[in-house]
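Structural overview
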Amino acid sequence: MFRIALHAPEIPPNTGNVIRLAANTGAELHLVGPLGFSLAERQVRRAGLDYHELADVRVHTDSDAFRAHLDGIAPAPSVWAFTTAADRSYTDVAYAAGDVLLFGRESDGLPDAEADRATARVGLPMVGGSRSLNLANAVGIAVYEAWRQHGFAGGITAGPPARRA
């Protein structure tokens, strides 16, 4: 599956929603510090509901610790930096299992220094004059595109709702 990395997230409910997304897609979630909140905060727990126990969440103190973790993975995963200063669209990437989908914090996105260390910068299309999408929404779009490219491996698709008598 894929790895989601949030660089210095600030808004607890966004991170809670991404925890829930990771649990439902089988993605690893890497939270790269400094975090703008405690994972014990009620807002994180409420947004993640009871998915915290089902998600593979790893916390790294900073970017260097996260990169050291990635350096220990073989084969080395590609790191796709999601940013408004993108080189290509997120749909123009052939994602491989184990790739990292890296996102910046809500207030000012991914620092250039972090994006420069990535395999490439990718972005989500928006209408002119838009600043950015909600972090949890952007992560969801990206994860589902990567997973779609792999035929939603390991996932199940819900059938039509049962009819009530």
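Everything quoted here is computed from the prediction, not taken from an experiment. (Residues numbered from 1 in each chain as written. Predicted model: local features only at pLDDT ≥ 70, side-chain atom pairs only at ≥ 80, totals over all residues. Heavy atoms only, no water.)

As for the UniProt feature "binding site: S-adenosyl-L-methionine" (unreviewed entry) in the protein chain
Our working rule: UniProt positions are given in the numbering used here, feature names are shortened, and annotations may be inferred rather than shown by experiment. Within this scheme a cavity is a closed region of a 1 Å grid, computed over the protein atoms alone, that accommodates a 1.4 Å probe without allowing it to escape, whereas a pocket is open but has protein on both sides within 12 Å along at least five of seven lines; lining residues each have an atom within 4 Å of a point. The contact criterion used throughout is that any non-hydrogen atoms of two residues lie within 4.5 Å.
In the numbering adopted here, UniProt assigns the feature "binding site: S-adenosyl-L-methionine" (unreviewed entry) to Gly104, Leu124 and Ser132. Judged by maximum C-alpha separation, these annotated positions cover 29 residues in sequence but sit close together in space, the widest gap being only 13.6 Å. The subset of the named residues that lines the largest pocket consists of Gly104, Leu124 and Ser132. Among all residues touching Gly104, those that are not within four sequence positions of it are His7, Gly109, Leu110 and Leu135. Setting aside anything within four residues of it in sequence, one finds Leu124 in contact with Phe82, Tyr90, Leu133, Ala138 and Ile141.

Section: the sheet that holds strand 5 (residues 88-89)
Rules: Any two strands between which DSSP finds at least two bridges are classified as paired. Only DSSP runs of H or I reaching four residues or more are called helices, and only runs of E reaching two or more are called strands; each is numbered from the N terminus. Every angle, taken between N-to-C directions, lies between 0 and 180 degrees, and every axis is a line fitted to C-alpha atoms, over only the stretch in contact when it is a helix.
Strand order in the open sheet made by the seven strands is 3-2-1-6-4-7-5, with parallel pairing throughout. Either end of the sheet is taken by a strand with one partner, and the two such strands are strand 3 (56-60) and strand 5. Across two bridges, strand 5 lies against strand 7 (residues 120-123) in parallel orientation. Looking at the pairing, Ser89 lines up with Gly123 of strand 7. Across the sheet, helix 5 (residues 135-149) lies against strand 1 (3-7), strand 4 (79-82) and strand 6 (100-103), angled at about 165° from strand 6, the strand it touches most.

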